[in-house]
Amino acid sequence: MKILVPVKRVVDYNVKVRVKADNSGVDIANVKMSMNPFDEIAVEEAVRLKEAGVATEVIAVSCGVAQCQETLRTAMAIGADRGILVQTDEELQPLAVAKLLKTLVEKEGPQLVILGKQAIDDDANQTGQMLAALLNLPQATFASKVAIADGKATVTREIDGGLETLSMSLPAIVTTDLRLNEPRYATLPNIMKAKKKPLETVTPADLGVDVAPRLKTLKVEEPPKRSAGVKVADVAELVAKLKNEAKVI
Ligand code: AMP
């Protein structure tokens, strides 16, 4: 059983992002880029399924600029067997990525696609759902536990106020939540080994997909600055301020 894991190259989660002066987007020049954290969890889960003898091959896919190769090498250092880069300099929106992934799913025939629940740059939370719709496959989003047995996936999902457990036939689409697992650190020998693993490069045109953006960003702005707080001497003053200034009681 093959598992396909889409991994996105995003601004590292430790970086404090800055809006471009012309409000057209976020400045990513000279900024540290890393694998989307939810995708690291997806790779870890796929590798664990391989180590448990459930999966035979883990294929990482990244869509974007040439530097996404680094993201694929990271996935291979965690344990993915090979990588596919769909290379383009175009801005890729979730629908375009889902269409690209659809063609790769049709070509590779994985029984499971594990994506992150969302990319921390666009926070879209769309690609997995769109991929499931395009392929007409069952989906379980926000997975906190995945078990594969008898041609079925049993997935526990984090929902408002509790957990929901779904059983789905394979092939299926799963998206990861934070508590699914704790990804391992790639060891130096595995980073070295990853350099020798196969990495295929294709273009959206090779896959016959039109990736032109369908949505237009009008403006990107910083959130308003929070004004400084004040210290009150006692409860009476607090109540007075809430009543007379904030007018909330
Ligand atoms: P999003 O819908 O943009 O929040 O992304 C959800 C998930 O889709 C990510 O966690 C990745 O697993 C996958 N994904 C989105 N964009 C890409 C991309 N350019 N390349 C590979 N995977 C992607």
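All of these numbers come straight from a predicted model, not from anything done at the bench.

## Some thoughts on the overall build of the chain
Argument step 1. Assigned secondary structure in the chain consists of six helices and eleven strands.
Argument step 2. Its C-alpha atoms put the chain at 65 × 45 × 40 Å along the principal axes.
Argument step 3. Pairs at least 24 residues apart make up 70% of the contacts formed inside the chain by residues separated by at least 6 positions.
Argument step 4. If you sum the accessible surface of the chain, you get close to 14,100 Å²; carbon and sulfur atoms cover 53% of it.
Argument step 5. Treating the 33 positive side-chain charges of the chain as one cloud and the 33 negative ones as another, the clouds have centres 2 Å apart.

## Focus: the pattern of salt bridges
Argument step 1. Counting across every chain of the model gives 18 salt bridges.
Argument step 2. Among the ionic pairs, glutamate 44 bridges to arginine 184, the shortest N-O distance being 2.9 Å. Pair noted here: glutamate 44 is in helix α1 (residues 37-51) and arginine 184 is in the loop between β10 (172-176) and α5 (188-195), with a separation of 140 residues, a long-range link.
Argument step 3. According to the relative accessible area criterion, glutamate 44 is buried, its value standing at 2%.
Argument step 4. Arginine 179 is paired through a salt bridge with glutamate 158; the nearest N and O atoms lie 2.7 Å apart. In this pair, arginine 179 is assigned in the loop between β10 and α5 and glutamate 158 in strand β8 (residues 152-159), connecting sequence segments 21 residues apart.
Argument step 5. On the basis of relative accessible area, arginine 179 is assigned to the exposed category, the value being 56%.
Argument step 6. Each member of the salt-bridge network shares a partner with another, and the members are Lys2, Glu57, Arg82 and Glu108.

## So, the packing of helix α2 (residues 68-78) against α5
Argument step 1. α5 packs onto α2 with a crossing angle of 125° between their chain directions and a minimal axis gap of 8 Å. Relative to α5, α2 is oriented oblique. When the axes of α2 and α5 are compared, the crossing they make is right-handed. Here Arg73, Met76 and Ala77 of α2 lie close against α5, whose contacting residues are Asn190, Ile191, Ala194 and Lys195.
Argument step 2. For the contact of α2 with α5, the per-class residue count stands at four nonpolar, one polar and two charged.

## Section: the environment of alanine 42
Argument step 1. Considering the arrangement of structural elements, one finds alanine 42 in helix α1.
Argument step 2. By relative accessible area, which is 0% here, alanine 42 ends up buried.
Argument step 3. Beyond its immediate stretch of four places on either side in the chain, alanine 42 contacts Val5, Ile114, Leu115, Gly116 and Thr176.

## Some thoughts on the sheet that holds β10
Argument step 1. Sheet architecture is open: nine strands sit in the order β9-β8-β7-β10-β6-β1-β4-β5-β11, paired in mixed fashion. With partners counted over all chains shown, the strands left at the sheet margins are β9 (162-169) and β11 (199-202), one partner each. Within the sheet, the average angular offset between the axes of one strand and its neighbour, ignoring direction, is 30°.
Argument step 2. Both strand β7 (residues 139-149) and β10 contribute to a ladder of three bridges, which runs parallel. By the bridge assignment, alanine 143 is partnered in β10 with threonine 176.
Argument step 3. Across the sheet, helix α4 (residues 127-135) is in contact with β6 (112-116), β7 and β10; its angle to β10 comes to roughly 175°.

## Here we look at the UniProt feature "domain: Electron transfer flavoprotein alpha/beta-subunit N-terminal" (unreviewed entry) in the chain
Argument step 1. In this numbering, the UniProt entry assigns the feature "domain: Electron transfer flavoprotein alpha/beta-subunit N-terminal" (unreviewed entry) to residues 23-211.
Argument step 2. Secondary structure content for residues 23-211 is 31% helix and 31% strand, and the end C-alpha separation is 24 Å.

## Quick notes on the packing of aromatic side chains
Argument step 1. Under the defined criterion, the tally for this structure stands at zero aromatic pairs.
Argument step 2. Here the basic side chain of lysine 117 rests over the ring of phenylalanine 142, its NZ or CZ set 5.4 Å away from the ring centre.

## Quick notes on the site of the ligand
Argument step 1. Lining the immediate environment of the ligand, one finds 18 residues, of which Asp39, Cys63, Ala119, Asn125 and Thr127 sit closest.
Argument step 2. Here an oxygen atom of the ligand and a side-chain polar atom of asparagine 36 are 3.0 Å apart.
Argument step 3. Residue cysteine 63 places a main-chain N or O atom 2.8 Å away from a nitrogen atom belonging to the ligand.
Argument step 4. Here the ligand loses 98% of its free accessible area of 490 Å² to cover by the protein chains.
Argument step 5. Counting residues per element, the ones that place at least two in the shell around the ligand are β4 (57-64) and β6.
Argument step 6. Per-element tally for the shell around the ligand: the top contributor is β4, with three residues.
Argument step 7. For the shell around the ligand, a count of residues per class yields eight nonpolar, seven polar and three charged.

Rules behind the numbers
Residues numbered from 1 in each chain as written. Predicted model: local features only at pLDDT ≥ 70, side-chain atom pairs only at ≥ 80, totals over all residues. Heavy atoms only, no water. Helix = DSSP H or I, 4+ residues; strand = E, 2+ residues; numbered from the N terminus. Contact = heavy atoms within 4.5 Å. Areas by Shrake-Rupley, 256 points an atom, 1.4 Å probe, with all protein chains shown as cover. Lys, Arg positive; Asp, Glu negative; His and termini not counted. Charge placed at Lys NZ, Arg CZ, Asp CG, Glu CD. Salt bridge = Lys/Arg side-chain N within 4 Å of Asp/Glu carboxyl O. Buried < 20%, exposed > 50% of the residue type's maximum accessible area, 1.4 Å probe, protein only. Axes fitted to C-alpha atoms, helices over the stretch in contact; angles between N-to-C directions. Parallel < 35°, antiparallel > 145°, perpendicular 65-115°, else oblique. Left-handed = near helix turned anticlockwise from the far one by under 90°. Nonpolar A, V, L, I, M, F, W, Y, C, P; charged D, E, K, R; others polar. Pairing = 2+ DSSP bridges. UniProt positions renumbered as here; feature names shortened; annotations may be inferred. Phe/Tyr/Trp six-rings, centres within 6.5 Å; stacked < 30°, edge-to-face > 60°. Lys NZ or Arg CZ within 6 Å of the ring centre and 35° of its normal. Near = heavy atom within 4 Å. Polar contact = N/O pair within 3.5 Å; in protein donor to acceptor, adjacent residues only side chain to side chain.

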